[in-house]
Protein chains: 2
Amino acid sequence: MSDVTDQLPKNGPEKDQLLQNMQQAVLNGDQVWVKATLEAMHPADASDLLEQMPRDEFEAALALLGGELPSDVLIELRDEYREDAVEALPDAAVVDALDELDSDDATTVLEDLDENRRERILDELEPVDRAVLEARLVHDEDTAGRLMQHEFLAAPEFWTVGHTIDHARDNAAELPDDFYEVYVVDPKIHPVGYVLLSQLLRTPRNVKLSDIMSDLHSDISVATDQEEVAYQFQKYSLASAPVKDEEGRLVGMITVDDMVDVIQEENTEDLLALSNVSSADGSDTVFETVRARAPWLAVNLVTAFIASGIIALFEDTLDQIVQLAILMPVVAALAGNAGSQGLAVAVRAIAEREMEGAAQRRAIVRETTTGVVQGVLFAIGVGLVSLLWFRDTQLAIVISLAMFASFVWAGFSGILVPLALRKAGADPAVASSVFVLTLTDTMAFFSFLGLATLILL
Amino acid sequence: MSDVTDQLPKNGPEKDQLLQNMQQAVLNGDQVWVKATLEAMHPADASDLLEQMPRDEFEAALALLGGELPSDVLIELRDEYREDAVEALPDAAVVDALDELDSDDATTVLEDLDENRRERILDELEPVDRAVLEARLVHDEDTAGRLMQHEFLAAPEFWTVGHTIDHARDNAAELPDDFYEVYVVDPKIHPVGYVLLSQLLRTPRNVKLSDIMSDLHSDISVATDQEEVAYQFQKYSLASAPVKDEEGRLVGMITVDDMVDVIQEENTEDLLALSNVSSADGSDTVFETVRARAPWLAVNLVTAFIASGIIALFEDTLDQIVQLAILMPVVAALAGNAGSQGLAVAVRAIAEREMEGAAQRRAIVRETTTGVVQGVLFAIGVGLVSLLWFRDTQLAIVISLAMFASFVWAGFSGILVPLALRKAGADPAVASSVFVLTLTDTMAFFSFLGLATLILL
């Protein structure tokens, strides 16, 4: 084993070499080497290595390992790879993995199974484990009830520091692997406070928990949405938090590492949604990629032809002044860009909950004023360039006025579209960019060609 | 005090009421109420309340409080508000805050001061505190050296669990408020492993740390960039990690709450950069907003006129066939959208380090193939709509061919531009969208008008 460990690199060209060795070993069917290498690595590094392989080689590696993929590597795999792996593993291996994993991770694996296989595998678990896992699956996806683990350390208020530590030593096997605080509960098992382990550690044995406990700031129940949970973790700088059932009893614990994943997931969703991509993963096939993107392009096809319809209204004008066709994309491009800027800022502020009450009113005023200021700046800029190019004062005046109107409109749309979507209960990141661009395009073409018809003809 | 605490709401209309009460109290100069209310709240809630006030009212509140703004509220404020607050506080209050805060938070406050005032205030600190803070300022911003705190618990390998706990009790005052693990060090103070507090807690007193310690997976030195630190936290699900100096000696600790902030910051930067905004904050003035956006619009002004230049090449063609002017924005809009989709996916994959070696080659193949597939789909779609509208087969063929060429080009640009920027050492999120849109616009206009000139005239 030490041979294997010694050759494990963290970065750079050695990492590529390790990948090549792994691919070669899979090709050669060298099960012993593959298994020893994966076990010698940190599970996160091992899963990274497996994910670097193309999907078909990854499946070959799984087949080679049979049921021998360590459960801590399995749980570190990205969704798509983990689903493939769970599908490929024999039932007995899945049962073993469920036994070994904490209940939150076990639930993730269970979710990957189809109905029939899930039933079959649940039947093979110990009745207690089965009950715990089935209780979790009752909660909606993306809620605290799904994310939490059932293993945690709770103690009544009257326990002393010494008693609590002794209890932990005596019940070591039932405690979670990592935890950061003890939850103090009343006789009804309602959490009333918490004691950080670092606090417990530095306090004399005879002190009561009630004397050193802090107030709970988080307020999380099994039905709380994961976005709200992540928000509370960030706001109160939490490492973990207790989860209550509908009656307010302590039933689980959420730890910050899961919240970091949620935060990344929500951020990725917003960023992709703003660019009209519904989902993306490094292992996506072309088919999956097209499925995640083509629907929005189809919507864009409709909106683009609407913009064309606006242009078509001014066919006669365009026929007489060809310069308008040359300049019209400038107005649309700049206004669209200004609208996207405001939109990105608004979507971000909404996600970070900085767009409430007075802050929202301030943002609307700021974005509109910014539209006016930038409208003046770029009306002058675009007007000057056009004047230099075409030496036509009236044309320059027309494009300047259109630019100004489009910027003010872009300022409005960039802030009002996401706020309206939020008010309607929709995700402001999804769909807003298509709306905003359609609104700015329409305004740009209409104002430019309309003013040209009025002034130049 | 209990009156104040009882009336503290968490959400909804009561929160707006509290804000109004606070604004009224500031207006009335009711220092006692303002102070008592802020102290009764969690620092994160108190800072939220202050941030909801317009900047001028916030400054009035600061003036009213004088030096009485609690340091834990100060440190929770968003950058802009904290800078204002530090500026407004008297020197004595800043010195008190620096005394009370952990060294990482104290550094944040020091960074807000101008050179002269910083010197003056450092002079008033205890020599030991001063030395610690000055040592930190040596490290570059955005490195582990700036983010870490100097307070942590380290122990030699031969210590037992009991000895470690006793040591923590005897030195309680010097330990950080929150920490999650003990770092095990060799005689040269090089970290060789760690013991989670939850592990320490459940292990009998006579067991040696060397028998229960785990290997360190993180590898962070004072010079490590914060993005790399955040990556290691995510990858290895860390709650905290040790920081080493250039000689590999343990000098500090970073905790996950700071990393969550870094992750949010990096995500915000990427999302805004993709929409050509260089920075944004809820409290920005119109001037700050324009300064963060106008430079990219100015770049866009240049690129938009480049696209116009392409169109101008085909002035004669446009003069003869006005339908081209009507349809040309459709080609540009769809191709631009397709390019942005690929770009967003690529930028995200780069940020999540999923775009290395084999994965990069796969992504290039996937994006190009996606361009071809979507090119075929939308060439047919756009062609059909054009045919129905204008009843002109040749025009429909021209726009279909242009659409196909532009989609393939968009697929290429969306992936190659960010990869090229990364290779050049630039941030792939910044500037890529302007590049990609310019490339797709140029291709769209050139292919559509060029093919029209060849085929239709």
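Residues numbered from 1 in each chain as written. Chains lettered and ligands numbered in written order. Predicted model: local features only at pLDDT ≥ 70, side-chain atom pairs only at ≥ 80, totals over all residues.

**Some thoughts on the sheet that holds strand 3 (residues 191-196) of chain A**
Residues and elements named next belong to chain A.
Alright, step 1. What the 3 strands build is an open sheet, ordered 1-2-3; its pairing is mixed. Here the strands that pair on one side only, and so sit at the sheet edges, are strand 1 (154-156) and strand 3. On average, each strand axis in the sheet is inclined to that of its neighbour by 35°, with strand direction left out of account.
Alright, step 2. Bridging between strand 2 (residues 181-185) and strand 3 involves 5 bridges; their strand directions are antiparallel. (Pairing = 2+ DSSP bridges. Helix = DSSP H or I, 4+ residues; strand = E, 2+ residues; numbered from the N terminus. Axes fitted to C-alpha atoms, helices over the stretch in contact; angles between N-to-C directions.)

**Some remarks on helix 21 (residues 357-390) of chain A**
Alright, step 1. The terminal C-alpha atoms of helix 21 of chain A lie 48 Å apart, and with 34 residues this matches the ideal 50 Å at 1.5 Å per residue to within 8%.
Alright, step 2. Every buried residue of helix 21 of chain A is accounted for by A363, R366, E367, T370, G371, Q374, G375, F378, A379, V382, G383 and S386 of chain A.
Alright, step 3. Where the residues of helix 21 of chain A are buried, they touch helix 20 (323-351) and helix 22 (393-423) of chain A together with helix 18 (286-313) of chain B.
Alright, step 4. Positive phi shows up at R391 of chain A, right after helix 21 of chain A, with a value of about 50°. (Expected span 1.5 Å × (residues − 1). Buried ≥ 20, exposed ≤ 12 C-beta atoms within 10 Å, placed from the backbone. Contact = placed C-beta atoms within 7 Å.)

**Side note on the domain arrangement of chain A**
Alright, step 1. Domain boundaries in chain A define domain 1 (2-143), domain 2 (154-255) and domain 3 (286-456).
Alright, step 2. Each of domain 1 of chain A and domain 3 of chain A has a C-alpha centre, and these two points are 48 Å apart. (Domains from an automatic or database assignment.)

**A short note on the interface of chain A and chain B**
Alright, step 1. If you look at the interface, chain A gives 96 residues, while chain B gives 95 residues.
Alright, step 2. For the side of chain A that touches chain B, the leading source of residues is helix 20 of chain A, giving 17 residues.

**Brief notes about the pairing of strand 4 (residues 240-244) of chain B**
Residues and elements named next belong to chain B.
Alright, step 1. Most of strand 4 sits inside the fold, with 5 of its 5 residues counted as buried.
Alright, step 2. Covered by surrounding structure in strand 4 are S240, P242 and K244 together with A241 and V243, the residues of both alternating faces.
Alright, step 3. Sheet analysis places strand 4 next to strand 5 (residues 250-255), joined by 5 bridges and oriented antiparallel. Counterpart to S240 in the pairing with strand 5 is T255.
Alright, step 4. Two successive antiparallel strands, strand 4 and strand 5, enclose a turn made up of 5 residues, where G248 displays a positive phi of approximately 85°.

**Some remarks on the nonpolar core**
Alright, step 1. Counting 136 residues, the largest nonpolar core has V331 and L334 of chain A together with V331 and L334 of chain B as its most contacted members.
Alright, step 2. Apart from residues no more than four positions distant in its own chain, L334 of chain B is found in contact with L297, N300, L301 and A304 of chain A together with F378 and M403 of chain B.
Alright, step 3. Core analysis: the second largest hydrophobic core is formed by 80 residues, Y194 of chain A together with M148, F233 and V256 of chain B among them. (Core = buried A, V, L, I, M, F, W, Y, C linked by C-beta atoms within 7 Å.)

**Side note on unusual backbone geometry**
Alright, step 1. You will see that A431 of chain A, though not glycine, has its phi angle at about 80°, which is positive.
Alright, step 2. Along the chain, the position of A431 of chain A falls in the loop between helix 22 and helix 23 (432-456).

**Remarks on helix 5 (residues 55-65) of chain B**
All names here are of chain B.
Alright, step 1. Here helix 5 has its buried residues at F58, A61, L62 and L65. Taken down its axis, helix 5 places every buried residue within 100° of arc, on the same side. The outward face of helix 5, more than 90 degrees from its buried face, is lined by the exposed residues D56 and A63.
Alright, step 2. Looking at the residues trailing helix 5, positive phi occurs at G66, about 60°. (Arc of directions from axis to C-beta.)

**Concerning the relation of the copies chain A and chain B**
Alright, step 1. Overlaying chain A on chain B yields an RMSD of 0.1 Å, the required transformation being a rotation through 180° with an accompanying axial translation of 0.0 Å. Here the transformation between the copies is reduced to the relation of a two-fold axis.
Alright, step 2. The overlap is high: 99% of the interface residues of chain A also sit at the interface in chain B, so the same surface is used on both sides. (Least-squares fit on C-alpha atoms with pLDDT ≥ 70 in both.)

**Some words on the sheet that holds strand 1 (residues 154-156) of chain B**
Pairing between the strands of a sheet comes from backbone hydrogen bonds, and it takes one of two forms, parallel or antiparallel.
All names here are of chain B.
Alright, step 1. Read from one edge to the other, the open sheet built from 3 strands follows the order 1-2-3, with strand pairing classed as mixed. In this open sheet, the two edge strands, each paired with only one partner strand, are strand 1 and strand 3 (191-196). Within this sheet the neighbouring strands show an average axis-to-axis angle of 35°, counted without direction.

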